[in-house]
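Geometric and topological summary
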Amino acid sequence: MSPFDTRVPAVLLRIDRNPFHHGTLGAVRSLGRAGIDVHVVADSTGSPVRGSRFVHRMHPPPAPGASPADIALTLRRVAARVSRPAVLIPMDDASAVAVDRMRDALAPRYLLPLSPAGLAERVADKAELAAVCEAAGIPHPPTLAPDTPAQTTAAVRRLGLPVVAKWSRPWLLPAGTDLRSTAVLRSAQEAHTLCRRAEEAGSRLLLQAFLPPAPDQDWFFHGYADRSGAVCGGGPGRKLRAWPRGAGLTAVGRWTPNPTVQALAERLTSALGYRGIFDLDFRREHATGAYHLLDFNPRPGAQFRLFADGSGLDVVRAQHLDLTHRPLPPPAPLPGRTFVAENYAPLAALGSGTGTERAWHARDDLAPGAALWALWPRHAVRRVLHRARRATAAPAAATRVVRQTARHDANSLSDDEKASSC
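Residues numbered from 1 in each chain as written. Predicted model: local features only at pLDDT ≥ 70, side-chain atom pairs only at ≥ 80, totals over all residues. Heavy atoms only, no water.

1. Observations regarding the side chain of Asp-309
By secondary structure assignment, the location of Asp-309 is in the loop between strand S14 (291–297) and helix H11 (315–323). Polar contacts involving the side chain of Asp-309 include one to the main-chain amide nitrogen of Leu-313, which spans 2.9 Å. The residues touching Asp-309, leaving out its near neighbours within four places in the chain, are Trp-255, Pro-330, Pro-331, Ala-332, Pro-333 and Leu-334. (Helix = DSSP H or I, 4+ residues; strand = E, 2+ residues; numbered from the N terminus. Polar contact = N/O pair within 3.5 Å; in protein donor to acceptor, adjacent residues only side chain to side chain. Contact = heavy atoms within 4.5 Å.)

What follows is the structure, given as structure tokens:
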């Protein structure tokens, strides 16, 4: 007899237009293998996910830039087609924030964890996260939010180079631009250039102290906080390879016991009263050994299937069991398991064996893996050509920005700042 209430379907919501989001495929497979009908509300154009045999039905997503009311309307239409209450799982930050805002409007059509209102947006906002960490006593890198050229110059001088640049609300970044949620900057000029694009980005630019590279530096923690606040369905992992290197997604990761990271995750979620799926990113400071929280994502991380344990439990299965009032099995950790995203680390995928979870290839669901290799090369070539065109146009624009910045800095700096810069 299945431990799941298979009468209750699952609806996966993803607003962003990333056709190669392997976390969505992981959730489809995990729930579909449990006998649960999986509905996917996401852009399926050119996506390998649509070929999975575990997708019960694809639904068109809200239009880009849709308002919360429009998103709620889309979800009500999906609910009418599903015709039964369903567990709703946001798969990106934009979806998580929107669902949190519309919780009352979505009930009782959808089953949702009962987190405090507004908490998803608070922890997803990189500017708010610094205050959250300070209140909970969680290490966090020094972070500044400059608004003017003079403040940008002062922030870079205070934090030092290189410096990490983040957009406060990355889910608002427009599609089709070269703006990234996180970037490592090597000069003050790069910081000035980004700061001037805040209106285009839709949120404030943050500058954050760069923690120098060190062994065993990048860690993450995935979990599900159930109705009682207990954390289950995940664990700590170490990022072995990132894409882009140094400030990107997990291309290769390993389930690695780390009591310190686990304690920090449990302390933070308990202090916030957080309920639901979460994904935390940490970076260990070599000089002090402290684990600094870099990101709090109120939804599944793309590599969450790394933490499928000996009983098959992961964060999306934990949420379905919990919200349908079914008991969760005792934890059965499998440390040493490895996760590989083949399109970002193909050589690691070729060399992997038993105990490895691949993002795309699965013996019981071959179509998405085959579709990936038909679609990914064309996608990669388009991105390279797009970057080349932007690089060709960049020198003239950079010259204009240098001149504008010099004028602004000369006019905006105080006498003391001018003296110290001479």
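2. Digging into the pattern of salt bridges
The tally for this structure, following the rule as stated, stands at 23 salt bridges. Residue Arg-299 is joined to Asp-279 by a salt bridge in which the shortest nitrogen-to-oxygen separation is 4.0 Å. Residue Arg-299 is found in the loop between S14 and H11, and its partner Asp-279 is found in strand S13 (residues 276–284); the two are separated by 20 residues along the sequence. Taking relative accessible area as the criterion, Arg-299 reaches 15% and is therefore assigned buried. Since its relative accessible area comes to 4%, Asp-279 is described here as buried. The residue Glu-357 makes a salt bridge to Arg-305 at a minimum N-O spacing of 3.4 Å. Here Glu-357, found in strand S16 (residues 356–358), pairs with Arg-305, found in the loop between S14 and H11; they are 52 residues apart in sequence, far enough to count as distant. One connected set of salt bridges, linked through shared partners, spans Arg-101, Glu-121, Asp-125 and Arg-169. (Salt bridge = Lys/Arg side-chain N within 4 Å of Asp/Glu carboxyl O. Buried < 20%, exposed > 50% of the residue type's maximum accessible area, 1.4 Å probe, protein only.)

3. Focus: the confidence of the model for the protein
On average, the protein scores 91 in pLDDT, and the residues at 70 or more come to 91%. Note that residues 404–422 has pLDDT below 50 and, in this model, 18 contacts with residues that lie over four places away or in other chains. (pLDDT = per-residue confidence, 0-100.)

4. Focus on the sheet that holds strand S3 (residues 57–59)
Pairing within the open sheet is parallel, and its 5 strands lie in the order S3-S2-S1-S4-S5. On the outer flanks of this sheet lie S3 and strand S5 (110–111), each paired with one strand and no other. Note: strand S2 (residues 38–41) against S3, 3 bridges, orientation parallel. Among the inter-strand pairings, Val-40 is bridged to a residue of S3, identified as Met-58. Where helix H3 (residues 93–101) meets the sheet, it contacts strand S1 (10–13) and strand S4 (86–90), and its direction lies at approximately 130° from that of S4. (Pairing = 2+ DSSP bridges. Axes fitted to C-alpha atoms, helices over the stretch in contact; angles between N-to-C directions.)

5. Digging into the packing of helix H1 (residues 22–33) against H11
The geometry of H1 relative to H11 is characterised by a closest axis approach of 9 Å and an angle of 50° between their N-to-C directions. One element, H1, and the other, H11, form an angle in the oblique class. Regarding H1 and H11, the two cross each other, and that crossing is right-handed. Note on element contacts: H11 touches H1 through Val-316, Arg-317 and His-320, opposite Ala-27, Ser-30, Leu-31 and Arg-33. Taken together, the residues that form the contact of H1 with H11 break down as 3 nonpolar, 2 polar and 2 charged. (Parallel < 35°, antiparallel > 145°, perpendicular 65-115°, else oblique. Left-handed = near helix turned anticlockwise from the far one by under 90°. Nonpolar A, V, L, I, M, F, W, Y, C, P; charged D, E, K, R; others polar.)

6. Regarding the packing of aromatic side chains
Throughout the structure, instances matching the rule amount to 10 aromatic pairs. On the basis of an interplanar angle of 80° and a centroid distance of 5.4 Å, the ring pair of Tyr-344 and Trp-376 is categorised as edge-to-face. A residue pair is termed long-range when its members are at least 10 positions apart, and Tyr-344 in the loop between strand S15 (338–340) and helix H12 (346–350) and Trp-376 in helix H13 (residues 366–412) qualify at 32 residues. Here Tyr-344 matches Trp-376 in class, with each residue buried. One aromatic cluster in this structure is built from Phe-20, Trp-243, Tyr-344 and Trp-376. (Phe/Tyr/Trp six-rings, centres within 6.5 Å; stacked < 30°, edge-to-face > 60°.)

7. Regarding H3
With 8 of 9 residues buried, H3 lies mostly within the body of the structure. Every buried residue belonging to H3 is among Asp-93, Ala-94, Ser-95, Ala-96, Val-97, Ala-98, Val-99 and Asp-100, and all of these are buried.

8. Some points on the sheet that holds strand S7 (residues 163–167)
Reading across the sheet, the 4 strands line up as S6-S9-S7-S8 and stay open at both edges, with antiparallel pairing between neighbours. The open sheet has two free edges, formed respectively by strand S6 (143–144) and strand S8 (182–185), since each of these has just one partner strand. Bridging between S7 and strand S9 (residues 205–209) involves 5 bridges; their strand directions are antiparallel. The residue of S9 that forms the bridge with Ala-165 is Leu-207. Seen against the sheet, helix H8 (residues 188–195) touches S7, S8 and S9 and runs at an angle of roughly 150° to S9.

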